[in-house]
Structures are given as structure tokens and as C-alpha cells.
Amino acid sequence: MLADPRRRSADRAGEHLLHRHFTADELPRLRVQVEECAAWAGLSETRRGDFVLAVDEIANNAIEHAGGTGSLLLRRIGDELECRISDSGPGFSEDVIPRILPGLDGATSGRGLWLTQLVTDRLAISAGAVGAVVTLAMRLR
């Protein structure tokens, strides 16, 4: 659900802008919602495009590799816009992120993670209660 700018939820963990579960059918609407929230939070247009692309790549990975669903939490924390995507798949670690563009090194996967690491200011992968949690962030200024 998209946060109403007049009634935002704020706590010590940041200002919640969007929190929702998603499936493959909902990815187009999710991209629109992420872009709207990023614009509202003040992320510049150029960086906003990169942010939406990175979120889309990670959300697609949750759909493709982790059972077809995921959960997204988008929030503003200080001078950062942070997105946390969790899934119920087998999990993975940062070791799977290719060091160079996938394909150049013979790898057939990992392009989305590689791209996300390239365009964001922060990327972290951790184990959730079940599955993986991928957190990516961009500075607003």
C-alpha cells in the first residue's frame, strides 16, 4: 500500500513509504509505486531511474528464484532511501554477485545483482527467518 504523505508512519527505523507483498503479476504496479515514493522522498530523477531498476531486478529475482512471491519495505532513513526485499526461497550470500559483467566471465546469471551493486550506494544480502533479505539504498542528496 502506498503511504499517504499526510499520514506517514515514522519510527526510529525510518519513515515507511511503502510496504507490500508482491507476485509476478504485480511487478508493473510495484515499479510505479516505488517510483512515486522515491519522487516524493526527494530522490533525483536520474538516480530514481537507477533505484527503480535495481528494485525491479531484486524483486524479479525473488519471483524467479524464491517461490514466486516477495515482500518489499521501502523507507526513508535519514538521507537515504532504503528498500528491503525478502523472500522465502533457499537464500544466498553476497558471494554470488559477479565481480565483472556476467557473460564476460562465462557466468549465465547474476546480472541483476551485479547491476544493483553498480547503481546503488549500499547493497547487503542476509538470511531472513526464511529465505533471503536484500537491502539496497541510495542517498537522497
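That block above? That's the structure.
Anyway, here's the lowdown on the structure attached to this text.

How each quantity is defined
Residues numbered from 1 in each chain as written. Predicted model: local features only at pLDDT ≥ 70, side-chain atom pairs only at ≥ 80, totals over all residues. Heavy atoms only, no water. Salt bridge = Lys/Arg side-chain N within 4 Å of Asp/Glu carboxyl O. Helix = DSSP H or I, 4+ residues; strand = E, 2+ residues; numbered from the N terminus. Buried < 20%, exposed > 50% of the residue type's maximum accessible area, 1.4 Å probe, protein only. Contact = heavy atoms within 4.5 Å.

**Describing the pattern of salt bridges**
1) Next: Applying the stated criterion across every chain, the model contains nine salt bridges.
2) Next: Here Arg 48 and Glu 35 are joined by a salt bridge, their closest N and O atoms 2.9 Å apart. Separated by 13 residues along the polypeptide, Arg 48 in helix 2 (residues 45-65) and Glu 35 in helix 1 (residues 27-41) bring together distant segments of the chain.
3) Next: Judged by its relative accessible area of 14%, Arg 48 is buried.
4) Next: Between Glu 82 and Arg 84 there is a salt bridge, with its nearest N and O atoms 3.8 Å apart.
5) Next: On the basis of relative accessibility, which here comes to 31%, the residue Arg 84 falls in the partly exposed class.

**Looking at the environment of Leu 72**
1) Next: Looking at the element boundaries, Leu 72 is found in strand 3 (residues 69-77).
2) Next: Separated by 63 residues in sequence, Leu 72 and Thr 135 place their C-alpha atoms 9.7 Å apart.
3) Next: With residues near it in sequence (within four places) discarded, Leu 72 still touches Leu 18, His 19, Arg 20, Phe 22, Leu 30, Val 34, Val 55, Cys 83, Arg 84 and Ile 85.

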